[in-house]
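These are the residues of each chain, in order.
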Amino acid sequence: MKEQAPFKQAMSKRVCVYCASSPDLEDCFLDSAYALGQFLAQSEFTTVYGCGGTGLMGKVADGALDHGGKVVGIIPGFMIDREWAHQGVTELINVDSMHERKSRMEKESDAFIILPGGCGTFEEAWEIITWKRLDLHEKPICIANLWGYYDPFVAQFEKAISDQFMRNEHRKLFDVRESIEEVNNWVANC
């Protein structure tokens, strides 16, 4: 994928992180999420995410909070009722639905990072990319292809282009980075 044009530096860059809440993940994924949260905090970026307390979601929040960062969690009330919300976030935004959650995450953010995840993360990734394709936003998007996790996703995107369901310029909708260090460098320079 080609590089995206950087966005203008905001007063305090707000970076949305989409990722898994599953608690049963390999340490390499958990450690990478924590390292991203730590980097965002140390770079004085605000972390915006879905407010989960477990899995990669919990680790990215913990990494930011443990290093003095600001974390905005956006979560529907039914998830709070199920006690899925991270209890230590700087700001918890309670919304009515998953649709409102995604819309609010987009509005609260200047850039997006897609860490590994399951169906919820896949759906968020496709939606934020689609919104960019439809010119609903111009914010940079990075897919963190850690340990080749998103190779099939990128291959499907390339197939859509080669089969002419999409155009060549759609390769510019997002960037792909292969390690958390590359992701950190991407967000520092976007």
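Here, the structure is the one placed above.
Residues numbered from 1 in each chain as written. Predicted model: local features only at pLDDT ≥ 70, side-chain atom pairs only at ≥ 80, totals over all residues. Heavy atoms only, no water.

Q: Would you explain the pairing of strand β6 (residues 141-144) in this entry?
A: Side chains on a regular strand alternate between the two faces of the sheet. On β6, burial covers both faces: Ile141 and Ile143 on one face and Cys142 and Ala144 on the other are all buried. The pairing of strand β5 (residues 111-114) with β6 spans three bridges and is classified as parallel. Its bridge partner lying in β6, isoleucine 114 is registered against isoleucine 143. In this fold, β5 hands off to helix α5 (residues 119-133), which returns the chain to β6; that crossover is right-handed. (Buried < 20%, exposed > 50% of the residue type's maximum accessible area, 1.4 Å probe, protein only. Helix = DSSP H or I, 4+ residues; strand = E, 2+ residues; numbered from the N terminus. Pairing = 2+ DSSP bridges. Right-handed = clockwise from strand over helix to strand, strands pointing away.)

Q: Mind showing me how you'd approach a nonpolar patch on the surface here?
A: On the surface, Phe78, Trp84 and Met98 cluster together to form a nonpolar patch covering roughly 280 Å² of accessible area. Locating phenylalanine 78 in the fold gives a position in helix α3 (residues 77-81). (Patch = residues over 30% accessible without salt bridge, like charges linked within 9 Å, V, L, I, M, F, W, Y side chains within 5 Å. Areas by Shrake-Rupley, 256 points an atom, 1.4 Å probe, with all protein chains shown as cover. Salt bridge = Lys/Arg side-chain N within 4 Å of Asp/Glu carboxyl O.)

Q: Would you explain the environment of glutamate 181 in this entry?
A: Note on placement: glutamate 181 falls in helix α7 (residues 180-189). By relative accessible area, which is 56% here, glutamate 181 ends up exposed. Distance from glutamate 181 to glycine 52, taken between C-alpha atoms, is 23 Å for residues 129 residues apart in sequence.

Q: Honestly, a negative patch on the surface in this entry has me stumped. Any pointers?
A: On the surface, Asp151, Glu178, Glu181 and Glu182 cluster together into a negatively charged patch. Examined against the element boundaries, aspartate 151 turns out to sit in helix α6 (residues 151-162). Classification of aspartate 151 by relative accessible area gives partly exposed; the value is 44%. (Lys, Arg positive; Asp, Glu negative; His and termini not counted. Charge placed at Lys NZ, Arg CZ, Asp CG, Glu CD.)

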